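Chain by chain, the residues:
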Amino acid sequence: MQFKHPEILYALCLLIIPIIIHLFQLRRFQKEAFTNVAFLKQVVIQTRKSSQLKKWLTLLTRMLLLACVIIAFAQPFTSKSTTFSTTPETVIYLDNSFSLQAKGEQGELLKRAIQDMIDEINPDDKISILTNDVVFKNTTIKTIQNDLLQLEYASNQMPYDAALLKSKNLFSQNATNKNLIFVSDFQQKEADFSLENDSLYQVNLVKLEPVNTSNISIDSAYVEKTSANSLQLQVILKNNGNPVDNLPISLFDDDKLLAKTSTDIENETQITFTLSNQEISHGKIIVDDNSLQFDNTLFFNLNKPPKTNVLNINNAEDIFIKRLYASDEFEYSATTLSELNYSVIDNQNLIILNELEQIPSSLSNSLNSFIANGGFVIVIPSGNSDLNSYNSLLSQYAIKFDEKLNTEKRVTQISYAHPIYENVFDKQVSNFQYPKINAYFPVVSAGNLEPLKFEDGRGFLIESDQLYVFTAPLNPKNSSFSNSPLIVPTFYNIARQSLKTPQLYYTIGVENQFDVTTTMQQDDILSIKNENLNIIPQQQYFNSKVTLITKDLPNLAGVYNITNKAELITKISYNYNRGESVLRYQDITNITHATVSNSLADMIKTLKSDSKINELWKWFIIFALAFLIIEMLILKYFK
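Given the structure is predicted, the values throughout are model-derived calculations rather than measurements.

A. Examining the pairing of strand E26 (residues 459-464) more closely. The buried fraction of E26 amounts to six of the six residues, a majority that puts the element mostly inside the structure. Alignment of strand E25 (residues 449-454) against E26, held across three bridges, turns out to be antiparallel. When the sheet's bridge partners are listed, Leu-452 is paired in E26 with Leu-461. Between E25 and E26, which pair antiparallel one after the other, the connecting turn spans four residues, and Gly-457 there sits at a positive phi close to 90 degrees. Inspection of the sheet shows E26 paired to strand E27 (residues 467-470) by four bridges, in the antiparallel sense.

B. Looking closely at the side chain of Asp-95. Positionally, Asp-95 belongs in the loop between strand E3 (89-94) and strand E4 (103-104). For Asp-95, the side chain forms a polar contact with the side chain of Ser-184, separated by 2.8 Å. Leave out the neighbours within four places in its chain, and Asp-95 touches Leu-100, Leu-110, Asn-132, Gln-157, Val-183, Ser-184 and Asp-185.

C. Just a nonpolar patch on the surface, in detail. Residues Leu-14, Ile-16, Ile-17, Ile-20 and Ile-21 make up a contiguous nonpolar surface patch of about 440 Å² in total accessible area. Mapping Ile-17 onto the fold places it in helix H1 (residues 16-25). Using a relative accessible area of 42% as the deciding quantity, one classes Ile-17 as partly exposed.

D. Representation of unusual backbone geometry within the structure. The omega angle of the peptide bond from Leu-553 to Pro-554 is 0 degrees, so this bond is cis rather than trans. Inspection of the secondary structure puts Pro-554 in the loop between strand E33 (545-550) and strand E34 (558-564). Within the chain, Phe-186 stands out as a residue other than glycine whose phi angle is a positive 55 degrees. Tracing the chain through its elements places Phe-186 in the loop between strand E8 (178-184) and strand E9 (201-207). Under the relative-accessibility criterion, Phe-186 is labelled buried at 0%.

E. Structural detail: the environment of Leu-149. The residue Leu-149 is located in helix H4 (residues 141-149) in this model. As for Leu-149 and Val-223, which are separated by 74 residues in sequence, their C-alpha atoms are 41 Å apart. Here Leu-149 is in contact with Lys-111, Ile-114, Gln-115 and Ile-118, once residues within four sequence places are set aside.

F. Structural view of the sheet that holds strand E32 (residues 538-541). Spatial ordering of the open sheet is given by E29-E33-E32, a layout of three strands whose pairing is antiparallel. One side of each edge strand has no neighbouring strand; the edge strands of this open sheet are strand E29 (512-517) and E32. Put simply, the sheet's adjacent strands are angled 20 degrees from each other on average, direction ignored. Pairing geometry for E32 and E33, over four bridges, is antiparallel. Along E33, the bridge assignment pairs Gln-540 with Thr-547.

G. Molecular detail of the pattern of salt bridges. Enumeration according to the criterion identifies 11 salt bridges in this entry. Through salt bridges with shared partners, a single ionic network connects Arg-112, Asp-116 and Asp-119.

H. Highlighting the packing of aromatic side chains. The tally for this structure, following the rule as stated, stands at 27 aromatic pairs. For the pair Tyr-560 and Tyr-574, a centre-to-centre distance of 6.0 Å together with 80 degrees between the ring planes defines the contact as edge-to-face. On the criterion of sequence distance, the pair formed by Tyr-560 in strand E34 and Tyr-574 in strand E35 (residues 567-575) is long-range, its members being 14 residues apart. Neither residue differs from the other here; Tyr-560 and Tyr-574 are each classed as buried. By the ring-pair criterion, three or more aromatic residues cluster together here, those being Phe-320, Tyr-440, Phe-454, Phe-460, Phe-470, Phe-481 and Phe-491. Positioned above the aromatic ring of Phe-252, the side-chain terminus of Lys-284 is 5.9 Å from the ring centre.

I. Geometry of the nonpolar core. Of all hydrophobic cores here, the largest spans 51 residues; its most connected members are Met-117 and Val-183. The element contributing the most residues to this core is helix H3 (residues 109-120), with six residues. Excluding anything up to four places from it in sequence, Val-183 contacts Ile-92, Tyr-93, Leu-94, Asp-95, Ala-113, Val-206, Leu-208 and Leu-600. In terms of nonpolar packing, the next biggest core, distinct from the first, is built from 32 residues, Val-310, Ile-321, Tyr-332 and Ile-494 among them.

J. Representation of the sheet that holds strand E13 (residues 256-265) in the model. In space, the four strands of this open sheet follow the order E13-E12-E15-E16, with antiparallel pairing throughout. Strand pairing shows two members of the sheet lacking a second neighbour, E13 and strand E16 (297-302), which therefore form its edges. Along the sheet, successive strands turn relative to each other by an average axial angle of 20 degrees, direction set aside. Where strand E15 (residues 280-287) meets E16, five bridges bridge the pair, whose relative direction is antiparallel. The residue bridging Gly-283 from the neighbouring strand is Phe-300, located in E16.

K. Focus on the packing of H3 against H4. One can describe the packing of H3 onto H4 by two numbers: an axis separation of 10 Å at closest approach and a directional angle of 165 degrees. Viewed along their axes, H3 and H4 adopt a mutual orientation that is roughly antiparallel. The handedness of the crossing between H3 and H4 is left-handed. On H4, the residues that touch Lys-111, Ile-114, Gln-115, Met-117 and Ile-118 of H3 are Ile-141, Gln-145, Leu-148 and Leu-149. For the contact of H3 with H4, the class distribution of residues is six nonpolar, two polar and one charged.

L. Region of interest: the state of the cysteines. In total, this model carries zero disulfides according to the counting rule given. In this model Cys-68 remains outside any disulfide bridge; the closest cysteine sulfur is found in Cys-13, 17 Å from its own. For Cys-68, a relative accessible area of 7% translates into the label buried.

M. Up close: the environment of Thr-297. Secondary-structure assignment places Thr-297 in strand E16. Along the sequence, Thr-297 and Ile-249 sit 48 residues apart, while their C-alpha atoms lie 9.8 Å from each other. In this structure, Thr-297 is in contact with Ile-218, Lys-284, Ile-285, Ile-286, Asn-575 and Arg-578, ignoring residues within four places of it in sequence.

N. Representation of the environment of Phe-273. By the secondary structure assignment, Phe-273 is in strand E14 (residues 268-275). Considered as a pair, Phe-273 and Val-223 are 50 residues apart in the sequence and their alpha carbons are 9.6 Å apart. Beyond its immediate chain neighbours, meaning those up to four positions away, Phe-273 contacts Leu-231, Gln-232, Leu-233, Val-235, Ile-249, Leu-251, Ala-259 and Thr-261.

Rules of the game
- Residues numbered from 1 in each chain as written.
- Predicted model: local features only at pLDDT ≥ 70, side-chain atom pairs only at ≥ 80, totals over all residues.
- Heavy atoms only, no water.
- Buried < 20%, exposed > 50% of the residue type's maximum accessible area, 1.4 Å probe, protein only.
- Helix = DSSP H or I, 4+ residues; strand = E, 2+ residues; numbered from the N terminus.
- Pairing = 2+ DSSP bridges.
- Polar contact = N/O pair within 3.5 Å; in protein donor to acceptor, adjacent residues only side chain to side chain.
- Contact = heavy atoms within 4.5 Å.
- Patch = residues over 30% accessible without salt bridge, like charges linked within 9 Å, V, L, I, M, F, W, Y side chains within 5 Å.
- Areas by Shrake-Rupley, 256 points an atom, 1.4 Å probe, with all protein chains shown as cover.
- Salt bridge = Lys/Arg side-chain N within 4 Å of Asp/Glu carboxyl O.
- Axes fitted to C-alpha atoms, helices over the stretch in contact; angles between N-to-C directions.
- Phe/Tyr/Trp six-rings, centres within 6.5 Å; stacked < 30°, edge-to-face > 60°.
- Lys NZ or Arg CZ within 6 Å of the ring centre and 35° of its normal.
- Core = buried A, V, L, I, M, F, W, Y, C linked by side-chain atoms within 4.5 Å.
- Parallel < 35°, antiparallel > 145°, perpendicular 65-115°, else oblique.
- Left-handed = near helix turned anticlockwise from the far one by under 90°.
- Nonpolar A, V, L, I, M, F, W, Y, C, P; charged D, E, K, R; others polar.
- Disulfide = S-S within 2.5 Å.

This is how it looks when you write it as structure tokens:
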């Protein structure tokens, strides 16, 4: 038992006063002798003993009455908590990621957890609640009840360590009794949930478990083949559960059904849709599955791709370059240096300097401005290159040519992780037919990337920002590179980088960057919007394109319009990350320094019981009244 005002207990010392008074008020009995009244002696003795017993009982009841009153004013209480001077402070992390759409015994896991909070937490208790995208700090359940009931699922879950840190930061600095409730399904992630011992916080883990972990998701889609009249759209489905037969899957353009089929799926399967229309503005693929809903729809759009403008400034044979950019994806043009129209440079996406013997300062200045405005340049030196003019351009990018060496070399080292070779090779090739070089220019390069290297580790292709520099002429007399399989992905992907046209779709929560070909006036801004959302993304304007960068916004899956004021530029699609689709969970039962439960309602009840204060002063008032009644009964009826 504890006391709110223990200093009042000093008043118990006053109980000695009635004892002293009682002792002084005791009367001595005197004996009086009477003849023939011996029988009265026994009565006198009995009366004396009864009177003394009555007085002692009266004294005891009065002392107990006074003691109960004093103790009542000291306000006694009992509690499992040792801290009474501070109110317990509670912070709840509520995981609202898409995996909480799974159904438990009483419905969707997230909705059930919200209802448990509303039912079990006292409406007026101060509390802080953190989700993956919303924070309610130092508020009450009564205040935020409607917000909780309307809480949406978040497209990206915070890492566990970030959620713990952010939750702890919501506690006030002077709080000494801190309870953190971490509510999640603890889905298996790249980094497992871990907890360090921290005496400042009492961590309580609530693991929400679904009754069924089966789920079918649309994993991805891509264009396999295109022709003049049709294209093949490949759709990959994944199954996390028992095999399913005759699973329906549909393809729509807005509300128009384009195709529908069914498939059997065990773990993974691939569906092929052949489409005659190569432009789909509001494409969506839908699969019928009763488990998680966020991954049952995949949005996409097929826009007519803008052409990439490629300008080749020639002083050598350009047949292999012309052949590389002959498709409808590119607008290829070639000119000699003497016939170059400098005004067309700003309208290009990629410029190739094909074995010029000299780079005039006027061209060098134009190229520097072109690169600064987002353009890409490929430099192929000539065997008779004027090194001073070349280095005048290249020195701006920490590259310098040395005198030519007539030494045979082989290009043997490929940077598979470089963007121009990413997804080109299924695996690292060891028996490749390596291109051969008869003469090259040794390069001094400070910290630049080298996608291709010679066998001795020297650079053959060097990248600095948007400048790609070959260190050897590529004509057939000096190099076999133009006949190598490497030439196609090298030149093709450099050109694709120069104009990053929007993909089939993008993923919310990862950094996405793409280009939109448009001409804008001063102070014009591009917007991404649909009927539910209108955002202004990070953007950078160049001469003939605008580079857009998105990550967390938009945060709703769907097809969006990219507009300049009222003008529609193009369309773009976003989908949720499929990382939540696999319903596999961690085992947290062996985590120390925390209390683990499978029920949020039970956890809240336990914490309320631990922090509950049983006030006892009312009982002592009742005891005081009882002793008062006992005293009155003794005085009246005790003979």
